[in-house]
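Spelled out from the first residue to the last, the chains are:
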Amino acid sequence: MNYESTRGQAPPVPSMEVIKAGLAPDGGLYVPERPVVLAPSALESLRGSAYQDLARTVLGMFLTDFSSSQLAACVEAAYAGDRFDTPVVVPVVPLEGGLHVMELWHGPTAAFKDMALQILPHLLTTSCRATSETAEIVILVATSGDTGKAALEGFRDVAGTRIVVFYPAGGVSQIQERQMVTQEGANVEVVGVRGNFDDAQAGVKAIFSDAALGAELARRGIRLSSANSINWGRLVPQVVYYLSSYLALRQAGQVAAGEAVNVVVPTGNFGNILAAYYAREMGVPVKTLVCAANANNVLTDFIRSGVYDRNRPFYQTISPSMDILVSSNLERLLYSLSGRDAAAVRGWMEQLSSCGRYQVDEGVRQRLQQLFWSDFASDEEARQEIRRTFACTGYLLDPHTAVGSVVYRKYLEASGDNRTPTLLAGTASPFKFARDVAEAVLPPETCQGRDEFQLMELLADRCGAPVPAGLQGLRDKPVRHGRTVEPAGMASLVRALLGL
Ligand SMILES: *Cc1c(COP(=O)(O)O)cnc(C)c1O
């Protein structure tokens, strides 16, 4: 099976080329040229599979140019060792009523990005070897906080690769920043951008689409690639946990054969919820995909109105990984919902870049609203939700998952759909956002004058759960990266780093 670009002006290529390239040469995103489907009986027969086995099956259906032994090796390296702190990889924890949290944060950096970024470097290096690629791969990443660290951990010291991570300086939590600036590895660079995430992402996209730079790099045996969720190799591993979590509910008797579930996803770049859409397309019975936003609620407005309008204030919230006004992966959904109308997608994306706004046609809007529902939560609502959930259940939500929980409750109220079992994507460990979580559940005098590292310890005492291994000892690690740059200076910095 080949992959085609959502903009329709690049030749179809097999998945290894897709993973190597990241973005398609016409500026579009690669998608499978036809839906990948699993018959209901085949889905049922996967009940009880280990996560690793499921990953091999699902990846094998999408990445058809990989041999099964190549995929087995990638899956083994990512999910089978001790990189995740639980053998089930993604535990599904019942919370209240029919709500279950899929804990996607048991990897080395304590956020859900590890689910994909632990395997992407292996998919990429396997693709390079298999296609006799000799160029050095340079990964450029724009991060709103969690991707950067997860990509650094995934790629550190992977032979034949280098990685440069750009994050909004001051726009991520103290712990996230410390995780990145202390990163070890001989092939890593971490740079603070004096701007917000969208500035960083726009800067990286501009570097990718600079044809002259690309040619110059090619002459020097360097090839740029992306670890952002625009890369299909990031997206496809995320489909796996929707299957595994649905099957876990089946095994636990929480859903009957064929019975649908709802899925609630705290959303930023639209990667995670898009993976849920593909899982649904594969055959996981999903009734409604609930897209939860924070105050940067551009997706909520879009899902309600069919108008995408990024011309609005940008807010820094306590869920920084969702502080995004341009959700890149939405392009893949538009392509699918428009019946693969590349010309229409191209038109919308041109309008987005020229005036920051586009309106989809009536058919797309209707299909969107049949599948998706959306609302948003303010910081105050998220804080209250952390407090309420901890008081009622003893479970600590991180601020992103709390946004999902608030929006789920709004969905219940608006729809009355309270009988459908629901999976909530738990996207970060609460310890990763220790200040906001501590301020929600501990008395103010306890929090005052303490830094995030101390608050992490206090929270661990209070809830009786250990601080994840990747967050322990962070305070005392030496800072290895301190560079910052204006958004306009990103390209010249990359040139300098690569010796041009
Ligand atoms: C990245 C991230 C999100 C948003 O996920 P998308 O795939 O970008 O929509 C939500 N929560 C956390 C903790 C994240 O790291």
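Okay, so let's go over this structure. (Residues numbered from 1 in each chain as written. Predicted model: local features only at pLDDT ≥ 70, side-chain atom pairs only at ≥ 80, totals over all residues. Heavy atoms only, no water.)

**As for unusual backbone geometry**
Working step 1: Phi is positive for valine 89, close to 70 degrees, though the residue is something other than glycine.
Working step 2: Looking at the secondary structure, you find valine 89 in the loop between α4 (68-80) and β4 (92-94).
Working step 3: The backbone of phenylalanine 270 sits at a positive phi, close to 70 degrees, despite the residue not being glycine.
Working step 4: By secondary structure assignment, the location of phenylalanine 270 is in the loop between β10 (261-266) and α12 (271-282).
Working step 5: The class for phenylalanine 270 is buried, based on a relative accessible area of 1%. (Helix = DSSP H or I, 4+ residues; strand = E, 2+ residues; numbered from the N terminus. Buried < 20%, exposed > 50% of the residue type's maximum accessible area, 1.4 Å probe, protein only.)

**Topic: the layout of surface pockets**
Working step 1: Size it by volume and the largest pocket reaches roughly 580 Å³.
Working step 2: The wall of the largest pocket is formed by 25 residues, among which Arg7, Lys205, Val326, Leu352 and Ser353 lie closest to the centre.
Working step 3: Every element with two or more residues in the lining of the largest pocket is listed here: α9 (197-208), α14 (330-337) and α15 (342-355).
Working step 4: Take the lining of the largest pocket: its biggest share by element is 6 residues, from α9.
Working step 5: The residue makeup of the lining of the largest pocket, split by class, is 10 nonpolar, 6 polar and 9 charged.
Working step 6: In terms of domain composition, the lining of the largest pocket takes at least three residues from each of domain 1 (2-81 + 113-232 + 480-497) and domain 2 (92-112 + 236-432).
Working step 7: Around the second largest pocket sit 19 residues that line it, and Ala21, Leu23, Pro25, Phe208 and Leu224 are the ones nearest its centre.
Working step 8: With 4 residues, the single largest contributor to the lining of the second largest pocket is helix α10 (residues 211-219).
Working step 9: For the lining of the second largest pocket, the per-class residue count stands at 12 nonpolar, 4 polar and 3 charged. (1 Å grid on protein atoms, 1.4 Å probe; cavity = no way out; pocket = protein on both sides within 12 Å on 5 of 7 lines; lining within 4 Å. Points joined across faces, edges and corners; volume = space filled by probe spheres on them. Nonpolar A, V, L, I, M, F, W, Y, C, P; charged D, E, K, R; others polar. Domains from an automatic or database assignment.)

**Some words on the pairing of strand β7 (residues 161-168)**
Working step 1: Counting buried positions along β7 gives 7 out of 8 residues, so the element sits mostly inside the fold.
Working step 2: Where strand β6 (residues 136-142) and β7 come together, 6 bridges link them in parallel fashion. Residue isoleucine 139 lies in a different strand from β7, and its bridge partner there is isoleucine 163.
Working step 3: At this point the chain moves from β6, through helix α7 (residues 146-155), to the parallel β7, and the crossover so formed is right-handed.
Working step 4: Bridge analysis of β7 against strand β8 (residues 188-193) gives 6 bridges, and the strand direction is parallel. Paired with isoleucine 163 across the two strands is valine 188, which belongs to β8.
Working step 5: You can see the chain leave β7, run along helix α8 (residues 174-181) and come back into β8, and the turn it takes is right-handed. (Pairing = 2+ DSSP bridges. Right-handed = clockwise from strand over helix to strand, strands pointing away.)

**Side note on helix α13 (residues 298-305)**
Working step 1: Burial in α13 covers these residues: Val298, Leu299, Thr300, Phe302 and Ile303.
Working step 2: Tucked into the core, α13 has its buried residues touching β11 (286-293), β12 (307-309), α14, β13 (357-359), α16 (362-371) and β14 (372-376).
Working step 3: Immediately downstream of α13, the backbone of glycine 306 shows phi near 80 degrees, a positive value. (Contact = heavy atoms within 4.5 Å.)

**Considering the packing of aromatic side chains**
Working step 1: What the rule picks out here adds up to 14 aromatic pairs.
Working step 2: With centroids separated by 5.9 Å and ring planes inclined at 70 degrees, the aromatic side chains of tyrosine 277 and tyrosine 278 adopt a geometry described as edge-to-face. We note that tyrosine 277, like tyrosine 278, is buried.
Working step 3: Measuring from ring centre to ring centre gives 6.1 Å for phenylalanine 302 and tyrosine 358, while their planes differ by 65 degrees; the resulting arrangement is edge-to-face. (Phe/Tyr/Trp six-rings, centres within 6.5 Å; stacked < 30°, edge-to-face > 60°.)

**Let's talk about the side chain of serine 226**
Working step 1: By the element assignment, serine 226 lies in strand β9 (residues 222-226).
Working step 2: Given the relative accessible area of 1%, serine 226 is considered buried.
Working step 3: Beyond its immediate chain neighbours, meaning those up to four positions away, serine 226 contacts Gly22, Leu120, Ile139, Leu140, Phe208 and Asn231.

**Things to note about the site of the ligand**
Working step 1: Surrounding the ligand, one finds 15 residues, the nearest of these being Lys113, Asp146, Gly268, Asn269 and Asn272.
Working step 2: For the ligand, a nitrogen atom lies 2.8 Å from a polar atom in the side chain of threonine 427.
Working step 3: Protein chains bury 98% of the 380 Å² of accessible surface belonging to the ligand in isolation.
Working step 4: Judged by its atoms lying within 2 Å of the grid points, the ligand is housed in the largest cavity. (Near = heavy atom within 4 Å. Polar contact = N/O pair within 3.5 Å; in protein donor to acceptor, adjacent residues only side chain to side chain. Areas by Shrake-Rupley, 256 points an atom, 1.4 Å probe, with all protein chains shown as cover. Sits in = over half its atoms within 2 Å of the grid points.)

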